[in-house]
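# Overview (structure and organization)
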Amino acid sequence: IRERATAEAWWSAGAERVVVGTAAIKAPEMVRALCADHPGAVVVAVDARHGDVAVEGWLEGSGRSADSLAREVDGWGAAALLFTAIERDGTGEGPDVDATVALQGLVACDVIASGGIGSLAHIHALRDAGVRAAVCGKALYSGAFTLSEAFEAAC
């Protein structure tokens, strides 16, 4: 979501949370206001390539580190950070567990791991490291495991 009206429309339609990404860099005042007006309902996507946040569908660098952005949006009251290690996304080679854990250590909100999950062993590694949530998009889509298996592996 990049505009306030779009976020408000999703909440009006019954969404519990909306995800903003590029807007956190290009319109931080709007995202800060959304966090204040909708506590617990804004997830900020922190899409990073080797620690540097990318925007506009990962096409542009932002000049911001994932750590810096994470600390800032945590201060705004973001419900969670959706951390994608761009270089791992869609590879199935495993998430960046260390970077995810390090980011979680900087903020109070949950950090959701994204990018690279391709097996149940990857979910086990995240679970064992204390990561609280993960996105398993391509792995589920490709049939690497089922949603039930993923939930079982996470517990």
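Structure: above.
Residues numbered from 1 in each chain as written. Predicted model: local features only at pLDDT ≥ 70, side-chain atom pairs only at ≥ 80, totals over all residues. Heavy atoms only, no water.

## Describing the packing of helix α1 (residues 4–12) against helix α3 (residues 28–37)
- The geometry of α1 relative to α3 is characterised by a closest axis approach of 11 Å and an angle of 25° between their N-to-C directions. Taken together, α1 and α3 sit at an angle that is classed as roughly parallel. Along this stretch, α1 crosses α3, giving a crossing that reads as right-handed. On α3, the residues touching R4, A7, E8 and W11 of α1 are M30, A33, L34 and D37.
- Residues belonging to the contact of α1 with α3 are distributed by class as follows: five nonpolar, no polar and three charged. (Axes fitted to C-alpha atoms, helices over the stretch in contact; angles between N-to-C directions. Helix = DSSP H or I, 4+ residues; strand = E, 2+ residues; numbered from the N terminus. Parallel < 35°, antiparallel > 145°, perpendicular 65-115°, else oblique. Left-handed = near helix turned anticlockwise from the far one by under 90°. Contact = heavy atoms within 4.5 Å. Nonpolar A, V, L, I, M, F, W, Y, C, P; charged D, E, K, R; others polar.)

## Quick look at the environment of V111
- Note that V111 resides in strand β6 (residues 110–114).
- Taking the relative accessible area as the measure of exposure, V111 reaches 1% and is therefore buried.
- Along the primary structure V111 and W76 are separated by 35 residues, whereas in three dimensions their C-alpha atoms are 15 Å apart.
- Apart from residues no more than four positions distant in its own chain, V111 is found in contact with L81, F83, T100, L103, Q104, V131, R132 and A133. (Buried < 20%, exposed > 50% of the residue type's maximum accessible area, 1.4 Å probe, protein only.)

## Quick word on the pairing of strand β5 (residues 80–85)
- Across the six residues of β5, six count as buried, placing the element largely inside the fold.
- On β5, burial covers both faces: A80, L82 and T84 on one face and L81, F83 and A85 on the other are all buried.
- Pairing between strand β2 (residues 42–49) and β5: six bridges, direction parallel. In the strand pairing of β5, V43 is matched with A80. (Pairing = 2+ DSSP bridges.)

## So, the side chain of S114
- Structurally, S114 is set in strand β6.
- Among the residues examined, S114 registers a relative accessible area of 10% and is labelled buried.
- At a separation of 3.1 Å, a polar atom in the side chain of S114 contacts the side chain of T84. (Polar contact = N/O pair within 3.5 Å; in protein donor to acceptor, adjacent residues only side chain to side chain.)

## Considerations on the environment of R127
- Locating R127 in the fold gives a position in helix α6 (residues 120–128).
- Along the chain, R127 and S68 lie 59 residues apart, while their C-alpha atoms are 25 Å from each other.
- Excluding its chain neighbours within four sequence positions, the residues that come into contact with R127 are A153, A154 and C155.
- A distance of 2.8 Å separates a polar side-chain atom of R127 from the backbone oxygen of A153.

## Focus: a nonpolar patch on the surface
- Taken together, the side chains of L140, L147 and F151 make up a nonpolar region of the molecular surface, amounting to roughly 300 Å² of accessible area.
- Relative to the assigned elements, F151 resides in helix α8 (residues 147–154). (Patch = residues over 30% accessible without salt bridge, like charges linked within 9 Å, V, L, I, M, F, W, Y side chains within 5 Å. Areas by Shrake-Rupley, 256 points an atom, 1.4 Å probe, with all protein chains shown as cover. Salt bridge = Lys/Arg side-chain N within 4 Å of Asp/Glu carboxyl O.)

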